[in-house]
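Here's the letter readout for the chains.
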Amino acid sequence: MTSDMGLLTELSAEQLGWLGDLDRTRADMFARLDELYVPEQRWPAPTFTEKVTAALGPDLSDAQWRTVGVWAQLRMSVPRDREHGDYRPDPALLALRAAERRLAWTGDEIELLWRAAVEPILHGYAHEAPLLIPWAVTRKLTHEEQRRHLPTMRRIQEIMTAHPWHSSSRLKRDMDVFLAGHAENDPVTVTTCLAGRGDGFAVLMATEYGSRLGDPRTSPLMRHWMTATSARPNPAWLGQAADLLTPDAVVLIREILDRVPAHRESTVRHQNGDHTWTTTTYLHGRTATLLRGMVWTCELIDEPWTVPLLGEVALAAGTGIGGSGPNSRCEMLVNAALLVLGRHGGLEVVAPLARIQAKVRKKSILTKVAQLLDTVAAHAGLSREQLLDRTAPTFGLGPDGVREEMAGEHVIRLALDEAGTPLLTFLNPAGKPVKSAPKAVRESHGGLLSEFRNTLKEIRGTLPAERFRVERALAEDRVWRWGQVEEFFLDHPVTGVHGRRLIWQILQGPAGTPVRAGDGWELTDPLGRRIQPRADTPMQLWHPIRETVEEVRAWRDHLLEIGSRQPFKQAFREVYLLTPAEERSGTLSNRFAGHRLRYGQAKALLSERGWTGLSLGHWDAAGGSEQGEAVKDILGWQARWDMHLPWESWETDGGGTAAFCLSGPIRFHRTDEESSQEEFHGPAPLTEVPSLVLSEVMRDADLAVGVSSVGLDPEGQGDYWHSYNFGDLTETAEIRRDALTRLLPRLRIADRAELTDRFLRVRGDLRTYRIHLGSGNILMEPNDAYLCIVPRVGSDQVFLPFEEEGGMLSVIISKAFLLADDTAITDPSITRQIKV
């Protein structure tokens, strides 16, 4: 291609056909523009638009400007090949100048402009410059005149929808709204145009709700939702929404928002030539805007379902990709839901806010939730935690944890069993349980059945949130009166599932587990002695850090004896005392420094336990993105755990976020009223840190290392891997050893297993094995050969006092059962290693 080739010689036969017979005036203008369309040798070079204006003069006629516009549009439709020296100027700005003028375009010219835009938009040329002239012109036509150009516009719409670099643009959105206005008799097309197809939820809205959303009575409200582009609605926006809101729209809002909690992100593979890439999308920007408009509209709806449903939406959108982690799937939607919940106010918003606080880890969201809870608490004259105590939802369950309703001759029963599992069951007219909802209940009492199912879902979400809240109270050393403990933690049908399995202690006095005593509660200690606190007796949750070794041992033995599984580690909770090395170091604890961690896992676990602030990656090494710290506030103190990226590793997750990090020292700073000069004084001496604060912070660090260390890689190697997998035990592993000491005599393999300092030694018929109590990895005697077994939980039902199925203690016991009967192993990947 040479610089003196004219535009007409570069057009295809089809493109030349669009032009028809060129008159002499237009042909001469094309030739003059071709002469100017050459690489500029001067520096600084004038723009192509400046060159055209200087050569042709500023006062071009209407016809001349239309010719300039057509030439620029066609020139953009011809691809430039920079690899072969085509460095001619970009005609996009010239097209923009033509688009800005009010010109008397003919219908044929406008159709040519649209057709010429197809190829460059298909190949992503100059972003959306080829659309500037046809879009500016077509918007000014009458509704009837616009119809001629709809087929080409719809073709471009399809192209832009399929290409991620176009699908999020403002122009694409405006064109979709325009085309929706020309689909009055096709509600599904209207919905598709307005919602787009940028993610799975948009497709769901079009396919399952399209005919209702696009209905002429509802589509004006849907268009209004598309204008929800600010941070919060102003009174005028809400006023217009109120004018457009209909009873059918209220039903539709509920149905659509009720689908959000089940929605999941999707990953799409893209290709442009030889370049391929993937994108993971939860909600496209346009979908999120539409849903934000729906959420804002809920402020106008006075129905009992709005508050719990907005809580579910915020919870789903507020968690990270995959439903966990420190980020948020769609913070825009979370903020909208929190805004409406905050404006609603009242005690009924507390339960959904508490669930969000327990599950979501994004710091900005947690800050908003805390502010809302503080506001509600202040109105009630309570602290935030006192408010949560008093507003934990019961879901209509009685003190026995049961709710029953008659459905004709049948009974619908919702109950929490002894293990705290919510169950929905049905009783036939004879009073016998049946497995599924009877036909008569489904057909005649569908509304009541739906209510029970929704309640079941809410209870399942609330139970872990309440568990988290009670464990936080243990770590924060909260104090109550006995009457409050009975009301909020023992008699409560939901929170009581956890509270009744914990050890409660009179402040600086005796402790016991709750037992029924008439209409009230008493405590009983490991020796069976009864303790009857008065209603105003100060109480707290028992913590092993305050007790002697003998008292802790007594409680552990007692819980195992009675078969009581605690909702979290209390009696078997790890205790981390200040070490001599930490006393000597002064202000830094290196106890968990030097570990190579999987960054994403470590950050997610720390975030779940209330740590914030950690952000590492390779995006800005000069600006410090390779160093950071995780921060946690607890009892007037702030723990700071240094993290940095390994200098030799540039592995990322594909978005610049690091794959691995190295742990550093932990420091403590005062954050109470006595620490106004905190930054001046720096970190506090470790000897001044309260033992409970130190222990709980170190426990978090131990858990993070135990979950995310690369030492867990079964195929690992090197000094760090070997030290981590077979070295000294951490406090968490020591607790595991202590539990096994008590459990082992109860197991049917007791005669084949014994505990050593760091291992559970298991004698099989083929070999003897040593399972490390920290990592769960295995060495085989007599030569300490490594045996790789993929962790799995066995089928043997062994009572564990604290660890749920799938934890490391379960894995170790499962491996012990497997290896004790090694002649029965058939998995060739295992037998091949054993028989070497």
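Residues numbered from 1 in each chain as written. Predicted model: local features only at pLDDT ≥ 70, side-chain atom pairs only at ≥ 80, totals over all residues. Heavy atoms only, no water.

Colleague: Requested: an account of the overall build of the protein chain, with residues and values cited.
Modeller: From N to C terminus, the protein chain includes 36 helices and 21 strands. Burial statistics for the protein chain: of 836 residues in total, 51% are counted as buried. Accessible surface computed for the protein chain: about 38,800 Å², of which carbon and sulfur atoms make up 50%. (Helix = DSSP H or I, 4+ residues; strand = E, 2+ residues; numbered from the N terminus. Buried < 20%, exposed > 50% of the residue type's maximum accessible area, 1.4 Å probe, protein only. Areas by Shrake-Rupley, 256 points an atom, 1.4 Å probe, with all protein chains shown as cover.)

Colleague: Can you break down helix α18 (residues 285-297) residue by residue, with the values?
Modeller: When the terminal C-alpha atoms of α18 are compared, their 18 Å separation across 13 residues agrees well with the 18 Å that a helix rising 1.5 Å per residue should span. Of all 13 residues in α18, 12 are buried, a share of seventy percent or more. Within the span of α18, buried status applies to Arg286, Thr287, Ala288, Thr289, Leu290, Leu291, Arg292, Gly293, Met294, Val295, Trp296 and Thr297. (Expected span 1.5 Å × (residues − 1).)

Colleague: Pulling in residues and values, what's your account of the sheet that holds strand β10 (residues 520-524)?
Modeller: If you walk across this open sheet you meet the six strands as β7-β12-β8-β9-β10-β11, and the pairing is antiparallel. Across the chains shown, the open sheet's two edge strands, defined by having one partner strand only, are β7 (480-481) and β11 (530-531). Relative to β11, β10 runs antiparallel, the two being bridged by two bridges. Looking at β11, one finds that Leu523 is bridged to Ile531. (Pairing = 2+ DSSP bridges.)

Colleague: Kindly report on the side chain of Arg742, identifying the contributing residues and their values.
Modeller: Within the secondary structure, Arg742 sits in helix α34 (residues 731-743). Polar side-chain contacts of Arg742 include one of 2.5 Å to the side chain of Asp738. (Polar contact = N/O pair within 3.5 Å; in protein donor to acceptor, adjacent residues only side chain to side chain.)

Colleague: Please give an account of the sheet that holds strand β14 (residues 627-634) that cites residues and values.
Modeller: Spatially, four strands are ordered β13-β16-β15-β14 in an open sheet, and the strand pairing comes out antiparallel. Strand pairing shows two members of the sheet lacking a second neighbour, β13 (596-598) and β14, which therefore form its edges. Recorded for the sheet is a direction-independent mean angle of 40° between the axes of neighbouring strands. In terms of strand pairing, strand β15 (residues 637-644) meets strand β16 (residues 660-670) through seven bridges, oriented antiparallel. Bridge pairing in β16 places His644 opposite Leu662. Its contacts with the sheet place helix α30 (residues 599-608) against β13, β14, β15 and β16, and it is angled at close to 75° to β13. (Axes fitted to C-alpha atoms, helices over the stretch in contact; angles between N-to-C directions. Contact = heavy atoms within 4.5 Å.)

Colleague: So, the packing of aromatic side chains: which residues are in play, and what are the values?
Modeller: Following the criterion strictly, the structure yields 11 aromatic pairs and no others. Between Trp480 and Phe489, the aromatic rings sit 5.1 Å apart at their centres with planes inclined by 70°, giving edge-to-face as the arrangement. When the ring centre of Phe759 is taken as reference, the NZ or CZ atom of Arg770 above it lies at 4.6 Å. (Phe/Tyr/Trp six-rings, centres within 6.5 Å; stacked < 30°, edge-to-face > 60°. Lys NZ or Arg CZ within 6 Å of the ring centre and 35° of its normal.)

Colleague: Account for the pattern of salt bridges, naming residues and giving values.
Modeller: Inspection of the entire model under this criterion finds 59 salt bridges. In this structure, Asp491 engages Arg516 in a salt bridge whose closest nitrogen and oxygen atoms are separated by 3.2 Å. Taken together, the residues span a long stretch of sequence, with Asp491 in the loop between α26 (482-490) and α27 (496-499) and Arg516 in strand β9 (residues 511-517) at a distance of 25 residues. The partly exposed category is assigned to Asp491, whose relative accessible area is 28%. With a closest N to O distance of 2.7 Å, Arg591 and Glu582 form a salt bridge. The class for Glu582 is buried, based on a relative accessible area of 4%. (Salt bridge = Lys/Arg side-chain N within 4 Å of Asp/Glu carboxyl O.)

Colleague: Describe in detail the environment of Arg384, supporting the description with residues and values.
Modeller: Considering the arrangement of structural elements, one finds Arg384 in helix α23 (residues 384-391). Within polar-contact distance, the side chain of Arg384 engages the side chain of Asp374 at 2.9 Å.

Colleague: Outline the nonpolar core, listing residues and values.
Modeller: Side chains of a nonpolar character, in soluble globular proteins, are inclined to be buried together. Grouped together as the largest cluster of nonpolar side chains are 120 residues, with contacts concentrated most on Leu74 and Leu257. If we ignore the near neighbours within four places in the chain, the residues touching Leu74 are Leu7, Leu11, Trp18, Leu19, Phe30, Leu112 and Ala116. Counting 40 residues, the second largest nonpolar core, distinct from the first, contains Leu729, Ala733, Ile825 and Ile830. (Core = buried A, V, L, I, M, F, W, Y, C linked by side-chain atoms within 4.5 Å.)

Colleague: Got a sec to walk through the pairing of strand β5 (residues 422-427)? Specific residues and values, please.
Modeller: The pairing of strand β4 (residues 410-416) with β5 spans six bridges and is classified as antiparallel. When the bridges of β5 are listed, Arg413 appears paired with Thr425. Linking two consecutive strands that pair antiparallel, namely β4 and β5, is a turn of five residues; a positive phi of about 85° is found at Gly420 within it. If you look at the hairpin formed by β5 and strand β6 (residues 433-434), you'll find five residues sitting between the two strands, and Gly431 has a positive phi there, around 85°.

Colleague: Let's hear about the side chain of Arg736: which residues, and what values?
Modeller: Looking at the element boundaries, Arg736 is found in helix α34. Classification of Arg736 as buried rests on a relative accessible area of 10%. Contacts of Arg736, omitting those with residues within four sequence positions, involve Leu773, Gly774, Met808, Leu809 and Ile812.

Colleague: Lay out the packing of helix α19 (residues 306-318) against helix α21 (residues 350-359) with the relevant residues and their values.
Modeller: The N-to-C vectors of α19 and α21 enclose an angle of 10°; their axes lie 9 Å apart at closest approach. Relative to α21, α19 is oriented roughly parallel. Residues Val307, Gly311, Glu312, Ala314 and Leu315 of α19 form the contact with α21, whose participating residues are Pro352, Arg355, Ile356 and Lys359. (Parallel < 35°, antiparallel > 145°, perpendicular 65-115°, else oblique.)

Colleague: Give a description of the pairing of β4 that names residues and reports values.
Modeller: Summarising burial for β4: six of the seven residues are buried, a large majority. With six bridges joining them, strand β3 (residues 402-407) and β4 adopt antiparallel strand pairing. Bridging across to β4, Met406 finds its partner in Val411. Taking the residues between adjacent antiparallel strands as the criterion, β3 and β4 are bridged by two residues, where Gly408 takes a positive phi near 70°.

Colleague: Just give me the short version of the environment of Met698, but keep the residues and values in it.
Modeller: Within the secondary structure, Met698 sits in helix α32 (residues 691-708). Each C-alpha atom of the pair Met698 and Arg591 lies 8.4 Å from the other, and the pair is 107 residues apart in sequence. Residue contacts for Met698: discarding those within four places in its chain leaves Tyr576, Glu582, Ser589, Arg591, Phe592, Ile666 and Phe668.

Colleague: If you had to explain unusual backbone geometry to someone new, which residues and values would you point to?
Modeller: For the bond from Glu781 to Pro782, the omega torsion is 10°, close enough to zero to count as cis. Within the secondary structure, Pro782 sits in the loop between β20 (778-780) and β21 (785-787). Phi at Asp477 is positive, roughly 60°, even though this residue is not glycine. Examined against the element boundaries, Asp477 turns out to sit in the loop between α25 (446-475) and β7. Overall, the relative accessible area of 32% leaves Asp477 in the partly exposed class. Within the chain, Leu635 stands out as a residue other than glycine whose phi angle is a positive 50°. Structurally, Leu635 can be placed in the loop between β14 and β15.

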